[in-house]
Amino acid sequence: MREYLATSELDLLQVYTEFRAAPASQGIDIEQFLRLPLKLIYQVVRLAGDREKRWSNINSISTARLSGIVVSVAKGFSGDKSASPSLDQFLPFPLDQESNEFIAETKEIHKQLVSRRKLPLHVIAALNKVIST
């Protein structure tokens, strides 16, 4: 969106197409779109782009892990003792550091709840895989 605003001409059809692709804009027709402030349109398009990046990383995580395993095995056969590359290098977009911290904090809370026995057994069983990874 920023490149649209930086130019003298604004391609409204392209901006509207990107805007309509966002889940937040599903009920808005072209007349309503033309009356929206540019800042709101920019925010919707930006958040939709961030969401797409997140979904691309989520959908690529198993392939990235497999790639990491393949590289580790290849390094083992070649005798290379260097550390394996991080998972972030195999994903289409870099990982967001804030979301990684949130996931770590969530795991710690789950571990504390399990250790205090505040959760039912079936919930602990369901969380076991999440906590151990």
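Everything in this summary refers to the structure shown in the same document. Remember, it's a predicted structure, so these values are computed and weren't measured experimentally.

### Some words on a nonpolar patch on the surface
A cluster of nonpolar side chains, contributed by Leu66, Ile69, Val70, Val73 and Phe77, occupies part of the molecular surface with about 550 Å² of accessible area. Along the chain, the position of Val70 falls in helix H4 (residues 38–78).

### Some words on the packing of aromatic side chains
Tallied over the full model, the rule gives two aromatic pairs. With centroids separated by 5.2 Å and ring planes inclined at 45°, the aromatic side chains of Phe19 and Phe33 adopt a geometry described as tilted. Separated by 14 residues along the polypeptide, Phe19 in helix H2 (residues 12–21) and Phe33 in helix H3 (residues 30–35) bring together distant segments of the chain. Taken as a pair, Phe19 and Phe33 share a single burial class, namely buried. Here the aromatic residues Tyr16, Phe19 and Phe33 are joined through ring pairs into a cluster of three or more.

### Digging into the environment of Ile61
Within the fold, Ile61 resides in helix H4. Residue classification places Ile61 among the partly exposed positions, given a relative accessible area of 28%. For Ile61, the residues in contact, after removing those within four places along its chain, are Leu87 and Leu91.

Reading guide: rules and limits
Residues numbered from 1 in each chain as written. Predicted model: local features only at pLDDT ≥ 70, side-chain atom pairs only at ≥ 80, totals over all residues. Heavy atoms only, no water. Patch = residues over 30% accessible without salt bridge, like charges linked within 9 Å, V, L, I, M, F, W, Y side chains within 5 Å. Areas by Shrake-Rupley, 256 points an atom, 1.4 Å probe, with all protein chains shown as cover. Salt bridge = Lys/Arg side-chain N within 4 Å of Asp/Glu carboxyl O. Helix = DSSP H or I, 4+ residues; strand = E, 2+ residues; numbered from the N terminus. Phe/Tyr/Trp six-rings, centres within 6.5 Å; stacked < 30°, edge-to-face > 60°. Buried < 20%, exposed > 50% of the residue type's maximum accessible area, 1.4 Å probe, protein only. Contact = heavy atoms within 4.5 Å.

Limitation: the analysis is restricted to geometry and does not speak to function.
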